[in-house]
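Here are the chains, one letter per residue:
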Amino acid sequence: MITFRGGVHPPAHKGLTDELALDDAAPPAVVRVPLQQHIGAPAKPVVEKGAAVKLGQTIAEPGGFVSVPHHAPVSGTVKAIKEYPHASGRALLAIEIENDGQDTPADELEPMPDWRAVPVEALRDRVRAAGIVGLGGAAFPTHVKLSPPKDKPIHTVIINGAECEPYLTCDYRLMIETPDAVLVGADIVRRCVGAERVIVGIEDNKPRAVEMMERNARDLDKVEIAAVHTKYPQGSELQLIRAVAGAELPKSKLPMEAGVVVQNVGTALAIYEAVVGGKPLVDRAVTVTGPGVVSPRNLRVRLGTLCNELIEQAGGMTPDVGRVIMGGPMMGLAMPGADVPCMKSTSGLLLLLRHDLVSYELNPCIRCGKCETHCPAGLATARIGLAVELGNIERAEALAVLECIECGCCSYVCPARRPMTQLMRVGKSKVLKERARRKIGA
Amino acid sequence: MLSVSSSPHVRAREDAGRIMRDVIIALVPALVASYFFFGIAGIMLTAIACIAALATEIALLAWRGRKVDHAAVYSALVTAVLMTFCVSPLVPWWMVVVGAVVAIGIGKHAFGGLGHNIFNPALVGRAFLMSAYMVPMTTWKLPDGISGATPLAHMKIGAYDKLPSLWHLALGDIGGCIGETSAILLLAGAAYLLVRRVITWHVPVAYLGALAVFVWIFGGTTKGGAGLDVHVFNGLGPMNLGAIPVHLLAGGVILGACFMATDYVSSPMTPKGMIIFGVGCGILTGVIRIFGGYPEGTSYAILLMNMTVPLIDRATMPRLFGARRLMKKKGAA
Ligand code: SF4
Ligand code: SF4
C-alpha cells in the first residue's frame with residue numbers, strides 16, 4: 001500500500017468512544033460564539049446587545065474573503081458582545097446569547113434539494129453563507145478551497161476520513177451513521193471544483209467505516225473508498241494526498257497545484273446540510289474523551305457551548321485530571337481551563353491525567369536520529385532543533401524549517417525528551433519575522 | 001491545576017535511560033558467558049569499571065554544573081561495560097579504572113558531555129589502554145587456563161592449524177577479550193536491541209556485510225579445526241568463502257558492529273548515513289586485519305570512521321517531502 005515516509009504509531013485509544021453513537025448534547029442556557037473561529041480575518045458582529053435572534057440567524061459577517069459568517073446556535077437574546085476566554089488562552093470577542101429554549105428557526109437559507117441544477121457559483125455562495133470552515137481542525141474557510149483559479153484544474157476531491165489523531169472518533173461516527181450525506185457533500189464539492197472523481201481516504205484500522213462508506217458509494221459513479229495505512233499523521237492533508245493520489249507536495253504548495261482538493265468528512269456533511277437542507281453551521285460533532293472523563297461520549301454540540309458543560313454531560317472530570325486539550329493528543333491545544341466555548345474547529349475534548357503528562361526539557365540531543373527518520377516532512381529535525389537552540393536562524397531557514405507541518409512526531413519519538421516540535425515552531429516564527437524584517441529593510 | 005504546554009501531549013515510551021538500560025540488558029548474556037570461559041575476573045572488572053565510570057561522570061557533571069540525569073548515568077554505565085568487554089580478562093583491576101576515567105573524562109566530557117562526543121568513549125578508553133599498556137592488553141587467557149594467542153593472532157601469522165572450529169568461535173570458549181568472544185550471545189543481545197528498536201539493522205548489516213565481502217576478496221584464509229578447505233595464503237588470492245565466517249566470528253567485530261558502531265552519539269543520524277558508516281567500518285576493519293600490523297582492527301576502524309561522521313551527516317540529509325515526485329498527476333488512473 002502506498003503511504004508516506006516517516007510517521008509514528010501512537011496507541012489509538014479509540015475504544016473509549018468508537019462504539020458510542022453521536023448524541024445531541026443538551027443546548028446550553030447561554031452560548032458564547034467567538035468571532036475568531038477560523039484562519040483568516042475574524043467575523044464582524046451584525047447584531048447588538050438586546051437583539052432577539054433566531055436559530056441559524058446570521059450574527060456576524062465575514063471580515064474579508066478568507067473569512068466566514070457566524071450564526072446563532074440557539075434562538076434567544078443577545079446578552080453581550082464582550083471578551084471571553086478563548087481556546088488560544090487569550091480573551092477574544094464573543095457574542096453571548098441567552099437561549100430561550102424555543103429553537104425558533106431563522107430560515108435564512110433556502111434548501112436546495114435539486115442542487116444539481118443550481119449554478120456552481122450559487123453553491124459556493126451557499127457554502128460561505130452557511131459559515132463553513134474545515135472541520136478537521138485547521139478551520140480554513142471552505143469556500144476558498146471550492147474556488148480554484150481557472151489555471152489550476154482539479155481532477156480529484158479527496159475526502160479525509162483518516163482521523164489519525166488518537167482518541168478522536170467523531171469522523172468515524174459520521175461515516176458510520178450518515179455515510180450517504182457525507183457522500184452527497186463530497187459530490188457537491190466535486191461539482192464546485194469540476195473534478196472527475198472522489199476518493200475517500202479512511203485508515204485501515206476502521207474497517208466498519210470503510211465498509212459503510214463502500215456500501216453507500218456502490219451505486220455512485222467515480223467514487224472510490226481507499227483504505228489507507230494506519231499511521232499518524234495519515235490525516236494530514238499532504239500525507240493523505242501522497243497516499244491516495246500519489247502526488248507528493250511540499251508544504252509551500254497548495255494541494256490544488258497537484259489538481260487535488262481535500263475536505264474533511266465533517267466538512268462534507270456540513271456542506272450537504274447547508275446545501276440540501278439550508279442549514280447553516282451551528283453545530284458539529286465533538287468527541288469528549290480521555291482517561292480524565294467519567295463516561296466519554298460522542299456529542300453533536302451547538303457551537304459556543306462551554307467545554308465545561310460538555311465535560312459535565314460526559315459524566316464530569318475525574319479528580320486527577322492534569323490537562324484539558326482541545327483536539328487530539330498530537331496536535332491539540334492544551335487549555336488553561338475548560339471555561340472556553342467550542343468552536344467550528346473543535347473536533348474533540350481530551351482530558352489527560354496528571355501522571356500521564358508529558359514534559360519536555362532542553363536536554364542534550366543524543367543524536368539518535370529518530371526525529372529525522374520519523375519526520376513526515378523529511379526534515380533534518382535534529383539539526384534544525386540545534387540551530388534554533390543556538391539562535392542560528394539562517395541555518396534553520398536553509399534546512400527548510402518552514403516545511404514543518406507541526407505534526408509532533410519528532411517530540412513524540414525523541415528519547416532525550418527534547419521539545420522538538422516546539423523548537424520547530426520557534427524556528428518558523430523567527431524565520432518569518434526575519435523575512436518580514438528583510439522585506440521592510442529592502 | 002491544569003498544566004499547559006505545547007503539543008504533542010503524548011510520547012513514545014522509549015527514553016534515553018530506558019534505551020541505555022536495554023543496551024546493558026543485551027550485554028549481560030555475553031558477560032555471564034565470560035564467567036564460564038574465564039572465571040569471575042571479567043565480572044569483577046566490569047563492576048569496578050562501572051563504579052569508576054559512574055564516579056567520574058557524576059564528579060564531572062557536578063564540576064561543570066550540569067544536572068545528573070538518567071541518560072548520563074546509564075550512558076556512563078554502558079561505556080564502562082563496553083570498554084571492559086574489550087580488554088583481556090587478565091588485566092589488573094586498576095587498569096580498567098584508568099580506562100573508565102579516560103573514557104568518561106576524555107572520551108566524553110572533554111568534548112562537551114553526552115551528545116557532543118565525536119568518538120565512542122568506550123573505544124577511546126580502550127585505545128588509551130592499548131597504547132599505554134600494550135603487553136597486559138594483549139596477553140590472553142584461554143578457557144583451559146593457559147595463556148595463549150587469539151584466533152585472529154593465529155590468522156595473522158598463518159598458524160591456521162591452531163584455529164578453533166567454527167563452533168567454538170561462535171560459542172566463544174576461545175581466547176580473547178572479556179565480552180567479545182561469544183558471537184552467538186552477542187548476536188542474541190543485538191537481536192533484542194533490534195526488536196526493542198534501540199538499534200536498526202543498517203550499521204551492523206553494512207559493517208558485517210562489508211567485512212565479509214572484503215575478506216572474501218582479499219583474505220581467503222581458513223584452516224584447522226573448522227575442517228574447511230585448506231587454502232593457505234594471507235593477502236590477495238582466490239576468493240575463498242571459508243574466510244568469511246572466521247573473520248566474522250573471531251575477534252571483536254560483532255561486539256563492535258552491533259554495540260559500538262551503533263552508538264547514537266558517534267554514528268550518523270540517517271539510515272543512508274548509517275550504511276555508509278557501516279561499510280566504512282567494515283572495510284577499515286578488513287584492511288587493518290589483513291594488511292595492517294594488528295591482528296584485530298575493530299576499534300581503530302570504528303574510531304577512524306567516527307571522525308568521518310560530521311561529513312557523512314552533511315552528505316546524507318533526509319529527503320525533503322515533496323522534493324521529488326512533485327506534481328505527479330494521477331488524474332486518469
Ligand atoms: S513537527 Fe515538524 S519537524 Fe517534527 S516531525 Fe512533524 S513535520 Fe517533522
Ligand atoms: S530524536 Fe531527540 S535525541 Fe534523537 S536525534 Fe532527534 S533530537 Fe536528538
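All figures in this text were calculated on a predicted structure; none of them were measured in a lab. (Residues numbered from 1 in each chain as written. Chains lettered and ligands numbered in written order. Predicted model: local features only at pLDDT ≥ 70, side-chain atom pairs only at ≥ 80, totals over all residues. Heavy atoms only, no water.)

**Focus: the packing of helix H3 (residues 70-85) of chain B against helix H4 (residues 93-108) of chain B**
All names here are of chain B. Our working rule: Axis definition: a line fit to C-alpha positions, over the contact stretch in the case of helices; interaxial angles, taken between N-to-C directions, run 0 to 180 degrees. Only runs of H or I of at least four residues qualify as helices and only runs of E of at least two qualify as strands under DSSP, and these elements are numbered from the N terminus. In this scheme, roughly parallel covers angles under 35 degrees and roughly antiparallel covers those over 145, while 65 to 115 is roughly perpendicular and the rest are oblique. Each helix crossing is assigned a hand: it is left-handed if the near helix lies turned anticlockwise from the far helix by less than a right angle, otherwise right-handed if that turn is clockwise. Note on contacts: a residue pair qualifies if any of its non-hydrogen atoms lie within 4.5 Å across the two residues. Throughout, the ten residues Ala, Val, Leu, Ile, Met, Phe, Trp, Tyr, Cys and Pro are labelled nonpolar, Asp, Glu, Lys and Arg are labelled charged, and all others, Gly among them, are labelled polar.
Where H3 meets H4, the closest approach of the two axes is 10 Å, and the angle between their N-to-C directions is 130°. Taken together, the axis directions place H3 and H4 in an arrangement best described as oblique. At the point where H3 passes H4, the crossing takes the right-handed sense. On H4, the residues touching Ala-72, Ser-75, Ala-76, Thr-79, Met-83 and Thr-84 of H3 are Val-96, Gly-99, Ala-100, Ala-103, Ile-104 and Lys-108. Residues of the contact of H3 with H4, tallied by class, amount to 7 nonpolar, 4 polar and 1 charged.

**Regarding the environment of Met307(B)**
Residues and elements named next belong to chain B. To be explicit about the condition: Accessibility here uses a 1.4 Å probe with only protein chains present; expressed as a share of the type maximum, an area under 20% marks a residue as buried, one over 50% as exposed, and anything in between as partly exposed.
In this structure, Met-307 sits in helix H14 (residues 298-315). Judged by its relative accessible area of 48%, Met-307 falls in the partly exposed class. Between the C-alpha atom of Met-307 and that of Ile-118, which follows or precedes it by 189 residues, the distance is 6.8 Å.

**Brief notes about the pairing of strand E14 (residues 297-302) of chain A**
Residue and element names in this part refer to chain A. Selection rule: Two strands qualify as a pair provided DSSP detects at least 2 bridges between them.
Summarising the sheet, strand E1 (residues 23-24) and E14 pair through 2 bridges and their orientation is parallel. In the sheet register, Asp-24 faces E14, and the bridge partner there is Arg-300. Bridge count between strand E13 (residues 283-289) and E14: 6 bridges; the pairing is antiparallel. Residue pairing across strands places Thr-287 opposite Asn-298, the latter belonging to E14.

**Quick look at the side chain of Lys231(A)**
Counting through the fold element by element, Lys231(A) comes out in the loop between strand E11 (223-228) and helix H6 (237-245). Contacts of Lys231(A), omitting those with residues within four sequence positions, involve Thr3(A), Phe4(A), Arg5(A), Gly6(A), Gly7(A), Val8(A), His9(A), Cys164(A) and Glu203(A).

**Considerations on the site of ligand 1**
Residues and elements named next belong to chain A. To keep things clear, this is the line we draw: For each residue, the test is whether any non-hydrogen atom lies within 4 Å of the molecule or strand; if one does, the residue is near.
For ligand 1, the set of nearby residues contains 14 residues, the closest of which are Cys-375, Cys-404, Ile-405, Cys-407 and Cys-410. Those elements giving two or more residues to the shell around ligand 1 turn out to be helix H12 (409-413) and helix H13 (420-441). Looking at the shell around ligand 1, its residues break down into 10 nonpolar, 3 polar and 1 charged.

**What to know about the pattern of salt bridges**
The following threshold applies: The salt bridge definition used is simple: a Lys or Arg side-chain nitrogen within 4 Å of an Asp or Glu carboxyl oxygen.
Following the criterion strictly, the structure yields 33 salt bridges over all chains and no others. Notably, a salt bridge pairs Arg173(A) with Glu177(A), separated by 2.9 Å at the nearest N-O pair. Of this pair, Arg173(A) and Glu177(A) are both found in helix H3 (residues 170-177), 4 residues apart, which corresponds to roughly one turn of the helix. When its relative accessible area of 30% is taken as the criterion, Glu177(A) is described as partly exposed. Notably, a salt bridge pairs Lys108(B) with Glu57(B), separated by 2.6 Å at the nearest N-O pair. Residue Lys108(B) is found in helix H4, and its partner Glu57(B) is found in helix H2 (residues 41-63); the two are separated by 51 residues along the sequence.

**A word on a nonpolar patch on the surface**
Residues and elements named next belong to chain B. Stated formally: Here a patch means residues that are over 30% exposed by relative accessible area and free of salt bridges, tied together within 9 Å if like-charged and within 5 Å if nonpolar (Val, Leu, Ile, Met, Phe, Trp, Tyr). Per-residue and other accessible areas follow the Shrake-Rupley method at a 1.4 Å probe size, with only the shown protein chains counted as cover for residues.
Taken together, the side chains of Leu-194, Trp-201, Val-205, Ile-275, Val-279, Ile-283, Val-287 and Phe-291 define a hydrophobic patch exposed on the protein surface, amounting to about 650 Å² of accessible area. In terms of residue count, helix H13 (residues 271-291) provides more of the nonpolar patch than any other element does, 5 residues in total. Tracing the sequence through the fold places Val-279 in helix H13.

**Quick word on the confidence of the model for chain B**
Close reading of the predicted structure is inappropriate where its pLDDT is low. All names here are of chain B. The criterion, for reference: Confidence of the prediction at every residue is given by pLDDT, a number between 0 and 100.
Across chain B, pLDDT averages 85, with 86% of residues at or above 70. Contacts of residues 221-237 to residues separated by more than four positions or lying in other chains number 46 contacts, the stretch itself having pLDDT below 50. Every residue in residues 326-333 scores below 50 in pLDDT, and together they form 20 contacts with partners more than four places removed in sequence or on other chains. Of the two predicted TM-score estimates for the complex, the pTM is 0.90 and the ipTM is 0.88.

**Regarding the sheet that holds strand E5 (residues 58-61) of chain A**
All names here are of chain A. Taken in spatial order, the 3 strands make up an open sheet running E3-E5-E6, and their pairing is antiparallel. The strands lining the two open edges of the sheet, one partner per strand, are strand E3 (44-45) and strand E6 (70-71). The pairing of E5 with E6 spans 2 bridges and is antiparallel. Paired with Thr-58 across the two strands is His-71, which belongs to E6.

**Considering the side chain of Thr181(B)**
Counting through the fold element by element, Thr181(B) comes out in the loop between helix H8 (166-171) and helix H9 (183-195). Beyond its immediate stretch of four places on either side in the chain, Thr181(B) contacts Phe37(B), Phe38(B), Leu169(B), Ala170(B), Leu171(B), Gly172(B), Ile174(B), Gly175(B) and Gly176(B).

**Points about unusual backbone geometry**
Here the bond from Tyr232(A) into Pro233(A) is cis, since omega is 0°, no more than 30 degrees from zero. A cis geometry characterises the amide bond from Ser7(B) onward to Pro8(B), with omega recorded as -5°. Relative to the assigned elements, Pro8(B) resides in the segment before helix H1 (16-38). A positive phi angle is found at His13(A), which is not glycine, with a value near 55°. Inspection of the secondary structure assignment puts His13(A) in the segment before E1. Phi angles above zero are rare outside glycine, and Ala400(A) is one such case at about 70°. With respect to the helices and strands, the residue Ala400(A) is situated in the loop between helix H11 (393-398) and H12. The class for Ala400(A) is buried, based on a relative accessible area of 17%.

**Digging into the packing of H3(A) against helix H7 (residues 265-276) of chain A**
Two numbers describe a pair of packed helices, the interaxial angle and the distance between the axes. All names here are of chain A. Two elements in contact, H3 and H7, have axes whose closest approach is 9 Å; the angle formed by their N-to-C orientations is 50°. Here H3 is positioned oblique relative to H7, judged by the angle of their axes. Residue-level inspection shows Asp-171, Leu-174 and Met-175 of H3 in contact with H7, the latter providing Val-265, Gly-266 and Leu-269. Looking at the contact of H3 with H7 residue by residue, the classes come out as 4 nonpolar, 1 polar and 1 charged.

**Side note on the interface of chain B and chain A**
When the parts of a complex come together, some accessible area is lost, and that lost area is often used as the size of the interface. The criterion, for reference: When two parts are put together, the accessible area they lose, computed with a 1.4 Å probe and summed over both, is reported as buried area.
Contacts between chain B and chain A engage 52 residues on the former and 69 residues on the latter. Carbon and sulfur atoms make up 55% of the area that chain B and chain A hide from each other, which totals about 4,900 Å². Sorting the residues of chain B by area buried against chain A places His9(B), Met269(B) and Phe321(B) first, and these three jointly supply 19% of that buried surface. Viewed at the interface, chain A and chain B are joined by 3 salt bridges. Among the salt bridges present, the one from Asp313(B) reaches Arg367(A), with a minimum N-O distance of 2.8 Å.

**Considerations on the site of ligand 2**
Surveying the vicinity of ligand 2 reveals the residues Cys365(A), Ile366(A), Arg367(A), Cys368(A), Gly369(A), Cys371(A), Ala382(A), Cys414(A), Pro415(A), Ala416(A), Arg418(A) and Met420(A). Looking at the shell around ligand 2 residue by residue, the classes come out as 9 nonpolar, 1 polar and 2 charged.

**Here we look at the sheet that holds strand E10 (residues 197-203) of chain A**
Residues and elements named next belong to chain A. Strand order in this open sheet of 4 strands is E11-E10-E9-E12, and the pairing throughout is parallel. At either end of the open sheet lies a strand with only one pairing partner, and these are E11 and strand E12 (260-264). Pairwise comparison of adjacent strand axes, ignoring direction, gives a mean angle of 25° for this sheet. With 5 bridges connecting them, strand E9 (residues 156-161) and E12 associate as parallel partners. Bridge pairing in E12 links Ile-159 to Gln-263. Along the sheet, helix H5 (residues 207-217) makes contact with E10 and E11, crossing E11 at roughly 170°. Of the strands in this sheet, E9 and E12 touch H7, which is tilted by about 85° from E12.

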